[in-house]
Amino acid sequence: MGKVYVFDHPLIQHKLTYIRDKNTGTKEFRELVDEVATLMAFEITRDMPTEDIEIDTPVTKTTTQVLSGKKMAIVPILRAGLGMVDGMLKLIPAAKVAHIGLYRDPETLKPVEYYAKFPADIEEREFIIVDPMLATGGSAIEAIDSLKKRGAKNIKFMCLIAAPEGVEAIHEHHPEIDIYIAALDEKLNDHGYIVPGLGDAGDRLFGTK
Ligand code: PRP
Ligand code: URA
């Protein structure tokens, strides 16, 4: 069974507080999401494989470690996932960026795919799907389906805030997926919004309504 990792680092929690605050404006919201994405990228890459190489320091020869060149791809779920991409690329600059366009139908709350673009060598890559919100789980499940259908074997899901309902739904459909979150909130309300949450992530990031 996939695991759920909550990144409860004080810096992440501090920034998340201001992301949640309704008085935080678009510019600051966007900057904070970017910063939290960088901090989460640091945590999620903890298990990246390394290999030994021999180098000369000014003092002596030594054997030390470098990343062993694992191929990665970040997959933002459009549109709100875009807010997390640059922050992650600061730490993983060589990662490819795939895109999945999904929106939640406001009536049915079901995701509708309107765009998908992936790298060619999909089977060899590790994919990290990013989206600020995991609410009912419909969008995440659809994004994972979409990647698996095209041959992806190694997929992680990362978000800022998750509802317990969303975590459960992912593991019901895709039991092996590890989920990385900054906060596990209380519940969903009747409109499918996370409580306490942060409101509509896409609208707050892009200043729309
Ligand atoms: C939001 C959010 C997730 C989805 C989560 O996107 O960014 O993609 O809802 O909800 P779910 O877990 O119930 O599927 P939205 O549909 O509002 O689209 P947007 O990013 O274009 O604003
Ligand atoms: N999508 C959002 O942007 N916010 C929520 O609380 C739930 C889904």
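Since this is a predicted model, take the numbers as computed values, not measurements.

Q: How should I be thinking about helix α4 (residues 138-149) in this particular structure?
A: Owing to its 3.6 residues per turn, the α-helix brings residues three or four apart onto one side. The terminal C-alpha atoms of α4 lie 16 Å apart, and with 12 residues this matches the ideal 16 Å at 1.5 Å per residue to within 8%. Here α4 has its buried residues at G138, S139, A140, I141, A143, I144, S146 and L147. Once α4 finishes, G151 follows within two positions and takes phi at roughly 105°, a positive value.

Q: How should the site of ligand 1 be read in this particular structure?
A: In the vicinity of ligand 1 lie 15 residues, with R104, D131, A135, T136 and S139 positioned nearest. Between R79 and ligand 1, the recorded distance is 3.0 Å, taken from a side-chain N or O atom to an oxygen atom. For ligand 1, an oxygen atom lies 2.8 Å from a polar atom in the backbone of G137. Computed on the free molecule, ligand 1 has an accessible area of 510 Å², of which 90% lies beneath the protein chains in the complex. Every element with two or more residues in the shell around ligand 1 is listed here: β6 (99-104), β9 (133-134) and α4. Residue classes in the shell around ligand 1 are distributed as 6 nonpolar, 5 polar and 4 charged.

Q: Quick question: what am I supposed to make of the packing of aromatic side chains here?
A: The final tally for this structure, using the stated rule, is 3 aromatic pairs. Put simply, the rings of Y5, F7 and Y180 pair up and form one aromatic cluster.

Cut-off values and rules
- The numbering scheme is per chain: residues are counted from 1 as the chain's sequence reads.
- To label them, take the chains in the order written and letter them from A, then take the ligands in the order written and number them from 1.
- A pLDDT threshold of at least 70 governs which residues receive local features in this predicted model, and a stricter bar of 80 or more applies before side-chain atom pairs are shown or counted, although totals over entire chains, interfaces and linings include all residues.
- Computation of side-chain values covers all heavy atoms of the structure but excludes hydrogens and water.
- Secondary structure elements are taken from DSSP: a helix is a run of H or I of four residues or more, a strand is a run of E of two residues or more, and numbering for both begins at the N terminus.
- How far a helix is expected to stretch is found by multiplying one less than its residue total by 1.5 Å.
- Burial classification: accessible surface area is computed with a 1.4 Å probe over protein chains only, and a residue below 20% of its type maximum counts as buried, one above 50% as exposed, and the rest as partly exposed.
- Whether a residue is near a molecule or strand is decided by its heavy atoms; if any one of them lies within 4 Å of it, the residue is near.
- Under the rule applied, a polar contact is a pair of N or O atoms within 3.5 Å (in protein, one hydrogen donor and one hydrogen acceptor; residues adjacent in sequence only if both atoms are side-chain atoms).
- Calculation of accessible area relied on Shrake-Rupley with a 1.4 Å probe; when residues are assessed, cover is drawn exclusively from the protein chains displayed.
- For this classification, Asp, Glu, Lys and Arg are treated as charged, while Ala, Val, Leu, Ile, Met, Phe, Trp, Tyr, Cys and Pro are nonpolar and the rest, including Gly, are polar.
- Within 6.5 Å between ring centres, the rings of Phe, Tyr and Trp (the latter by its six-membered ring) count as paired, and their orientation is classed by plane angle as stacked under 30 degrees, edge-to-face over 60, tilted in between.

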